[in-house]
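# Summary of structural features
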Amino acid sequence: KAPIFNAGKKDRSQGLEAQSEDGDPSMLAKSLQSVKGIKSIVVFTTPIGAAGPGPITPGAAYEFTFSAVAGDRLSLTTMMGQSNDWFYAPAESGIDLFENGRGISGDITSQMVLWDAGTEVDQEPGIGSDQGPRQKAPNTGKAENGVVRNAKDVKYARAYAKTSEVMKVTITPAKSPGSN
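Here the structure is a predicted model, which means the values were calculated and not measured.

Under the defined criterion, the tally for this structure stands at five aromatic pairs. Taken together, the ring pairs connect Phe44, Tyr62, Phe64 and Phe66 into an aromatic cluster.

Below, the structure is given as structure tokens:
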């Protein structure tokens, strides 16, 4: 029901901190492998057309494929790169992939939310010395010991909380075998 985080509770120390602070999804992906009910885990780190893993830049895109059936939900996280510990994700329960028995399709950006992991003291986005692009090493900022929360009410976050101004997330169902 909430495989990655629970709003209002401390980070579970299963990899969300590394994802939200440093953009490293490996620990989170590994920890999710043992969670009952998880059907597949996909790590996307290489932008389309890029030679190797890296951050996404304006105009670029990540793409990944997965299989789902009615009742399945999609949970995903991506670091807000110019922050200490903010990440974009849907509500803690994920996105319902089916409506009335049919796979959803189209723009699902409105279901993505900016979250504060509560693991590191926030600095002004884009200039903080303990933020991913400028820190001397991973996990070097001052610990916050807070809880995961919607970032819309966090200092500095208002400029980034409108997800549609920062990203676009779409879902395109594959054609079923035998369909036209």
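With respect to the helices and strands, the residue Asp72 is situated in the loop between helix H2 (26-32) and strand E1 (73-74). Relative accessible area serves as the criterion here: at 12%, Asp72 is assigned to the buried category. Setting aside its immediate chain neighbours within four residues, Asp72 contacts Lys39, Ser67, Ile95, Asp96 and Leu97.

What follows covers the pairing of strand E8 (residues 113-116). Every second residue of E8 is oriented toward a common face, with Val113 and Trp115 on one face and Leu114 and Asp116 on the other, all of them buried. Here strand E3 (residues 86-89) pairs with E8 via four bridges, running antiparallel. By the bridge assignment, Trp86 is partnered in E8 with Asp116. With two bridges joining them, E8 and strand E9 (residues 149-150) adopt antiparallel strand pairing. Opposite Asp116, over in E9, you have Arg149 as the bridge partner.

Conventions and cut-offs
Residues numbered from 1 in each chain as written. Predicted model: local features only at pLDDT ≥ 70, side-chain atom pairs only at ≥ 80, totals over all residues. Heavy atoms only, no water. Phe/Tyr/Trp six-rings, centres within 6.5 Å; stacked < 30°, edge-to-face > 60°. Helix = DSSP H or I, 4+ residues; strand = E, 2+ residues; numbered from the N terminus. Buried < 20%, exposed > 50% of the residue type's maximum accessible area, 1.4 Å probe, protein only. Contact = heavy atoms within 4.5 Å. Pairing = 2+ DSSP bridges.

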